[in-house]
Amino acid sequence: AASQLELLARDRTALSGAIRPTLNLTEKDSTTPGTRNSLVGFRLRHVSDVPTGGATLAVIGEFVVHTRIKTELSSFLADQCAKNRAQGQKLRNEQLQNEFEIEKCEIRLRTIRGIQANRPRLASSETAQILAIEQGSERFLPLSSQIAALEVEIADLKLDDRDRANSRIAGGLRRGYYCRGFEILREGVAGRAFLAGLKGFQEQVFDGEDKRLGIVEQVWNELDMEREAWLAKYLPDGEVYRLGPISENRERKPGILQGMALGGLLGGLLGLITALLLAWFREHDKVDAA
């Protein structure tokens, strides 16, 4: 079986004949407007001079599953790797901008509190107001109101910063998981072997992380569910790996000597029949002449 597969791998025409996609629509039906053709599975066929008991077909089926895993997961992992890397840079820039906004609010807060401390009469007066400019509109607000507004704004900015920090932690874990997974697939590991080693690989990515943190546990659970979905799809009895019954049809093909012998026998029979017909026609002509 191995030697037959080596020959098959060198011949792309033979390989395309051994693995044929099966679609849900015929070529004629797929041209109908509004219809969409989709892949149902693959039909495998292998011709051999020596019976292999389906071993060659089983390996070809494993090759199809391996190729689908590498093709589909490589594309997905590459997209997720790029997405989380870009998201990490975006979150970092937003974090820097947020820190700048917090710093501005704290400076304003210290300034207003300084005014309040240096001018107690102004601060104690209920009617004391100063000019505040916000988004181009002018309005007068008491010092205490401005202080309260700034404190609330700073608190909101810090909450946003905390959420962004959690998002950066989650994105960093996903980036490490997806980018390293993509590299492993490119190194040539078999598709099913990659899936079988995902659990250990996931533990390596999370090594040193505090799993008591809610965001770390959340990302772990998300990747766990995603991995289980892949296993259910690609491993035996899954959505992709459903190898149908293997049937072996035996055909006898005569060799060269057998073919020559058979050709000689058929030629002799044909010559004998021809001679008998000629003899019959001659005898028939004699009778008519008499």
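Given the structure is predicted, the values throughout are model-derived calculations rather than measurements.

Moving on to the overall build of the chain. What the chain contains, in helices and strands, is nine helices and four strands. Ordered by position in the sequence, the α and β elements of the chain form the string α-α-β-β-α-α-β-β-α-α-α-α-α. A sequence separation of at least 24 residues applies to 62% of the contacts in the chain between residues at least 6 apart. Accessible surface computed for the chain: about 20600 Å², of which carbon and sulfur atoms make up 54%.

Quick look at a negative patch on the surface now. A grouping of Glu-153, Asp-156, Asp-160 and Asp-163 is seen on the molecular surface, where their side chains present a negatively charged patch. Mapped onto the secondary structure, Asp-163 falls in helix α5 (residues 143-186). We classify Asp-163 as partly exposed; its relative accessible area is 47%.

This brings us to the state of the cysteines. Across all of its chains, the model carries one disulfide by this definition. Covalent S-S linkage joins Cys-81 and Cys-179, the inter-sulfur distance amounting to 1.9 Å. An S-S torsion of about 95 degrees defines the bridge between Cys-81 and Cys-179 as right-handed. Highlighted residues: Cys-81 in helix α3 (residues 55-118) and Cys-179 in helix α5, separated in sequence by 98 residues. A relative accessible area of 8% means that Cys-81 is categorised as buried.

Glancing now at the confidence of the model for the chain. Chain-level statistics for the chain give a pLDDT mean of 77 and a share of 75% at 70 or above. Here residues 126-131 is modelled with pLDDT under 50, and outside its nearest four sequence neighbours on either side it reaches 14 contacts, counting other chains as well.

Let us now look at the packing of α3 against helix α8 (residues 214-234). α8 packs onto α3 with a crossing angle of 155 degrees between their chain directions and a minimal axis gap of 11 Å. One way to sum up the angle between α3 and α8 is to call them roughly antiparallel. Where α3 crosses over α8, the handedness of that crossing is right-handed. Note on element contacts: α8 touches α3 through Glu-226, Trp-230, Lys-233 and Tyr-234, opposite Val-65, Ile-69, Glu-72, Leu-73, Phe-76 and Leu-77.

Taken as a whole, this structure holds 14 salt bridges when the rule is applied. Between Glu-94 and Arg-164 there is a salt bridge, with the nearest N and O atoms lying 3.4 Å from each other. Linking Glu-94 in helix α3 with Arg-164 in helix α5, this pair joins segments that are 70 residues apart in sequence. Judged by its relative accessible area of 32%, Glu-94 is partly exposed. A residue is classified by how much of its surface remains accessible, and Arg-164, at 15% relative accessible area, is buried. Three or more residues are tied together by salt bridges with common partners; here these are Lys-199, Asp-224, Arg-227 and Glu-228.

Let us now look at the packing of aromatic side chains. Overall, the coordinates contain five aromatic pairs when judged by the stated rule. Their ring planes at 25 degrees and their centres at 5.5 Å tell us that Tyr-177 and Phe-201 sit as a pair that is stacked. Remark: Phe-201 occurs in helix α7 (residues 198-205) and Tyr-177 occurs in helix α5; sequence separation between them is 24 residues. Residue Tyr-177 is classed as buried on the basis of its relative accessible area, which comes to 1%. Seen from their ring centres, Phe-206 and Trp-220 are 5.0 Å apart, and the 90 degrees between their planes marks the pair as edge-to-face.

This part takes up α7. Along α7, the residues that are buried comprise Leu-198, Phe-201, Gln-202 and Val-205. On an axial view of α7, the arc spanned by its buried residues comes to 100 degrees, and they lie on one face. In this structure, the buried side of α7 is in contact with α5, α6 (191-196) and α8.

Mapped onto the elements of the fold, Gln-95 is located in helix α3. The exposure class of Gln-95 is buried, given its relative accessible area of 10%. Side-chain polar atoms of Gln-95 contact the side chain of Arg-92, separated by 2.9 Å. Not counting residues up to four positions away in its chain, the partners in contact with Gln-95 are Asp-161, Arg-164 and Arg-168.

Cut-offs applied
- Throughout this description, residue numbers start from 1 for each chain and increase along the sequence as written.
- Totals for whole chains, interfaces and linings use all residues, but because this is a predicted model, local features are given only for residues with pLDDT of at least 70 and pairs of side-chain atoms are given and counted only at 80 or more.
- Computation of side-chain values covers all heavy atoms of the structure but excludes hydrogens and water.
- The secondary structure listing takes helices from DSSP runs of H or I that are at least 4 residues long and strands from runs of E that are at least 2 residues long, numbered from the N terminus.
- Whether two residues are in contact is decided by their heavy atoms, any of which lying within 4.5 Å being enough.
- Calculation of accessible area relied on Shrake-Rupley with a 1.4 Å probe; when residues are assessed, cover is drawn exclusively from the protein chains displayed.
- What makes a patch is a set of residues exposed beyond 30% relative accessible area and free of salt bridges, joined within 9 Å when like-charged and within 5 Å when nonpolar (Val, Leu, Ile, Met, Phe, Trp, Tyr).
- Any Lys or Arg side-chain nitrogen located within 4 Å of an Asp or Glu carboxyl oxygen qualifies as a salt bridge.
- Two residue types count as positive, namely Lys and Arg, and two as negative, namely Asp and Glu; His and chain ends fall outside the count.
- One atom stands in for each charge, and that atom is NZ of Lys, CZ of Arg, CG of Asp or CD of Glu.
- Three labels apply to residues, based on accessible area from a 1.4 Å probe with only protein chains included: buried if under 20% of the type maximum, exposed if over 50%, partly exposed otherwise in between.
- Put simply, a disulfide is two cysteine sulfurs that come within 2.5 Å.
- A residue's pLDDT is the confidence the predictor assigns to it, expressed on a 0 to 100 scale.
- Axes, fitted as lines to C-alpha atoms, cover a helix only where it is in contact. Angles between the N-to-C directions of the axes lie from 0 to 180 degrees.
- When describing relative orientation, an angle under 35 degrees is termed roughly parallel and one over 145 degrees roughly antiparallel, while 65 to 115 degrees is termed roughly perpendicular and anything else oblique.
- What makes a crossing left-handed is the near helix being turned counterclockwise from the far one by less than a right angle; a clockwise turn instead makes it right-handed.
- The aromatic pairing rule takes the rings of Phe, Tyr and Trp, using the six-membered ring of Trp, and pairs them if the centres are within 6.5 Å, calling planes under 30 degrees apart stacked, those over 60 edge-to-face and the rest tilted.
- Picture the helix axis, draw a direction to every C-beta atom, and the arc is the one those directions span.
- Pairs of N or O atoms are called polar contacts if they sit within 3.5 Å, as long as, within protein, a hydrogen donor faces a hydrogen acceptor (for residues adjacent in sequence, only side-chain-to-side-chain pairs).

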